[in-house]
Structure formats: structure tokens, C-alpha cells
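Below, each chain spelled out in residue letters.
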Amino acid sequence: MIPKNHPRYKSLVTREHLAENARSGIVSWEGLISHGRGEAFDYLIGEKTSESARRAARTAAALLRTARHPVISVNGNTAVLAAQKIALLQKVSGALVEVNLFHRTSERVQQIETLLRNAGVDVFSGNAERLLPLSHDRAFCRREGMYAADVVLVPLEDGDRCGVLVAMGKKVIAIDLNPLSRTAKTATLTIVDDVTRALPLIAEACASITGEECRDLIATLDNPAFLREARDEMAARLCHALD
Ligand code: ATP
């Protein structure tokens, strides 16, 4: 039992929730390690959304709202941390939601799809084929889903698939607390923020953004600048904390 007045209450509850879901097979054990890496970077940005990440989230909304065929790719960690937030984002963006896993078994796919459906997500499922040029199981997707998408939102991605999606001509939006990751550097746009904070911001922006703002944000999109701002923010905090 985690006491409510514990200074790290939220973080401890999240860890417990992920661990429970790892025991039931929804989150992979390796997913727990990824979460730990994310937590470390979250410390460095002060566990809150920066101004720069807020602008990146609005730009993500612009990309989703102007997409012909947007798809949100969901893995085990994202489903467990933010299923309802995915449902809301799907509603306001009209994106398809598709499960895509590195540690893929049909049982895990089904478990994650059920969790998402129970949270109100309309999951695009069915027969997945090995369509992406990757040597691991992230290659599996649906022909009418991610394979045909022009914009793909990939919370908690790995760099390989991100690179492949970009090489296929898709616009890739990553949510990654690590501004140094291959994913962050390869994506069209990276929101350096926690997935649970970034998703509602994108949804909020999808509901309010105008066509003109979409055009402006897309025309001025500069991912290296977003990453520099995140790194500067982290470096400043680190230097300050050690003073
Ligand atoms: P890359 O291949 O892009 O260099 P990696 O192999 O380091 O990435 P993974 O182990 O696939 O990355 O982990 C995914 C990434 O997700 C990590 O960079 C981690 O910082 C980030 N991450 C973990 N939890 C969260 C979270 N809750 N919100 C946002 N990002 C997160």
C-alpha cells in the first residue's frame, strides 16, 4: 500500500500499475526498463510540460488534423498508461488506432486490444502482415492501417521503425522523453514529454486548432529546434540542481 502523502506517490502508483500489467503479460518486462529510462529524463525536465513541448503538441495536432489517413500506433506501455487518453485523441482526430509491438505474441496483441476497447477505443485490428522492412516483429502492420497512413503518431517508439516509417514517406510524430534517442532525432516531429501529459494536449489542440494555424505550424516545423530546446532545458536544470 503506497501512502498518499509519499512525495513520489504518483510515480510509485504508476510503477505499481505497470508492474501489475507486466505480471498479466500486457506490458513486457523490457517495457518496465523503457519506463525507467523515461522517468530519468522526466526528472530532468522537472516532471512537467515545457513551453517547447506544448508547441510541439500543437504542431502534432496540426499534422493529425490535416492528414489524409492518420494512424496512432499503440504498444503495451502506452495502452496501460493512457488508454482513455488514446480514446479521446481518436475521437477528436479521427485517427485509426492500431497495436504494434516489439515483443509480439497474438495473446499480447489481443490483451492490449481488449484493454483499449474497454477504454472506449475503436481498435483497427484483423490480419497483420509483415509489411515494414524490419527484421523484428514491429514489421507487422495492416495494409489499410499503418502501411497506408500518411501521418503516424508513435508514442514510445523504437528508432528502427521510426526510421523505416519516415523512409516510406510518412510524417512521424514521436512522443519521447529522451531527446537524444534515435527516435527523437529521426521523427518528423518529437514531443519531448511524458506520454500521459502529451496525449491530452494534442487532443485539446485538435479540438481547437484552425486551418490557418495548422498551415503556419506545419510550415515552420523544425524538429532539431524542438530537441535543442528540450536538451537546453534539461542541461539548465541539471546545472542548477548541482549548484
Ligand atoms: P531509440 O531506438 O529511439 O534510441 P531506445 O531503444 O532507447 O530508443 P526504447 O527502449 O524503445 O528506446 O524506449 C522507448 C523510449 O521511450 C525511451 O527513450 C524512453 O525515454 C521513452 N519513454 C519511456 N516512458 C515514457 C513515457 N511515459 N513518456 C514518454 N517517453 C517515454
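For the structure itself, look to the data block above.
In what follows, the accompanying structure is described. (Residues numbered from 1 in each chain as written. Predicted model: local features only at pLDDT ≥ 70, side-chain atom pairs only at ≥ 80, totals over all residues. Heavy atoms only, no water.)

**Focus on the pattern of salt bridges**
Oppositely charged side chains may form a pair once their charged atoms are brought near each other.
And then number 1: Tallying each qualifying case throughout the model produces twelve salt bridges.
And then number 2: Among the ionic pairs, R197 bridges to D42, the shortest N-O distance being 2.7 Å. With R197 in helix 8 (residues 195-208) and D42 in helix 2 (residues 29-44), the pair connects residues that are 155 residues apart, well separated along the chain.
And then number 3: Residue R197 is classed as buried on the basis of its relative accessible area of 19%.
And then number 4: Its salt-bridge partner being E51, residue R54 comes within 3.6 Å of it at the nearest N-O pair. One end of the pair is R54 and the other is E51, both in helix 3 (residues 51-65) and three residues apart, which spans about a single turn. (Salt bridge = Lys/Arg side-chain N within 4 Å of Asp/Glu carboxyl O. Helix = DSSP H or I, 4+ residues; strand = E, 2+ residues; numbered from the N terminus. Buried < 20%, exposed > 50% of the residue type's maximum accessible area, 1.4 Å probe, protein only.)

**Remarks on the pairing of strand 1 (residues 70-74)**
And then number 1: Strand 1 sits mainly inside the fold: five of its five residues count as buried.
And then number 2: Burial along strand 1 is two-sided: P70, I72 and V74 facing one way and V71 and S73 facing the other are all buried.
And then number 3: As judged from the three bridges shared by strand 1 and strand 5 (residues 151-155), these two strands associate in the parallel manner. Within the sheet, the bridge partner assigned to I72 lies in strand 5 and is L153.
And then number 4: Pairing geometry for strand 1 and strand 2 (residues 96-99), over four bridges, is parallel. Considered in strand 2, the bridge of V71 is made with L96. (Pairing = 2+ DSSP bridges.)

**Structural notes on helix 1 (residues 9-23)**
And then number 1: Helix length check: helix 1 (15 residues) gives 21 Å between terminal C-alpha atoms against 21 Å at 1.5 Å per residue, within 8%.
And then number 2: If you follow the buried residues of helix 1, they end up packed against helix 2, helix 4 (76-93) and helix 5 (106-118).
And then number 3: After helix 1 finishes, the residue G25 shows a positive phi value of roughly 95 degrees. (Expected span 1.5 Å × (residues − 1). Contact = heavy atoms within 4.5 Å.)

**Overview of the packing of helix 4 against helix 8**
And then number 1: Helix 8 packs onto helix 4 with a crossing angle of 5 degrees between their chain directions and a minimal axis gap of 9 Å. Looking at the two axes, helix 4 sits roughly parallel to helix 8. Contacts from T78, L81, A82, K85, I86, L88, L89, V92 and S93 in helix 4 reach V195, T196, L199, P200, I202, A203, C206 and A207 in helix 8.
And then number 2: For the contact of helix 4 with helix 8, a count of residues per class yields 13 nonpolar, three polar and one charged. (Axes fitted to C-alpha atoms, helices over the stretch in contact; angles between N-to-C directions. Parallel < 35°, antiparallel > 145°, perpendicular 65-115°, else oblique. Nonpolar A, V, L, I, M, F, W, Y, C, P; charged D, E, K, R; others polar.)

**Concerning the packing of helix 3 against helix 8**
And then number 1: The geometry of helix 3 relative to helix 8 is characterised by a closest axis approach of 8 Å and an angle of 55 degrees between their N-to-C directions. With respect to helix 8, the axis of helix 3 lies oblique. In this structure, the crossing between helix 3 and helix 8 has a hand that is right-handed. Contacts between helix 3 and helix 8 involve R54, A57, R58, A60, A61, L64 and R65 from the former and L201, I202, A205, C206 and S208 from the latter.
And then number 2: Across the contact of helix 3 with helix 8, the residue classes tally to eight nonpolar, one polar and three charged. (Left-handed = near helix turned anticlockwise from the far one by under 90°.)

**Points about the sheet that holds strand 7 (residues 189-191)**
And then number 1: Strand order in the open sheet formed by five strands is 2-1-5-6-7, with parallel pairing between adjacent strands. The open sheet has two free edges, formed respectively by strand 2 and strand 7, since each of these has just one partner strand. In this sheet, adjacent strand axes meet at a mean angle of 20 degrees when their direction is disregarded.
And then number 2: Strands strand 1, strand 2 and strand 5 of the sheet are contacted by helix 4, whose axis makes an angle of about 170 degrees with strand 1.
And then number 3: Taken strand by strand, helix 5 contacts strand 1 and strand 2, and its axis lies near 150 degrees from that of strand 2.

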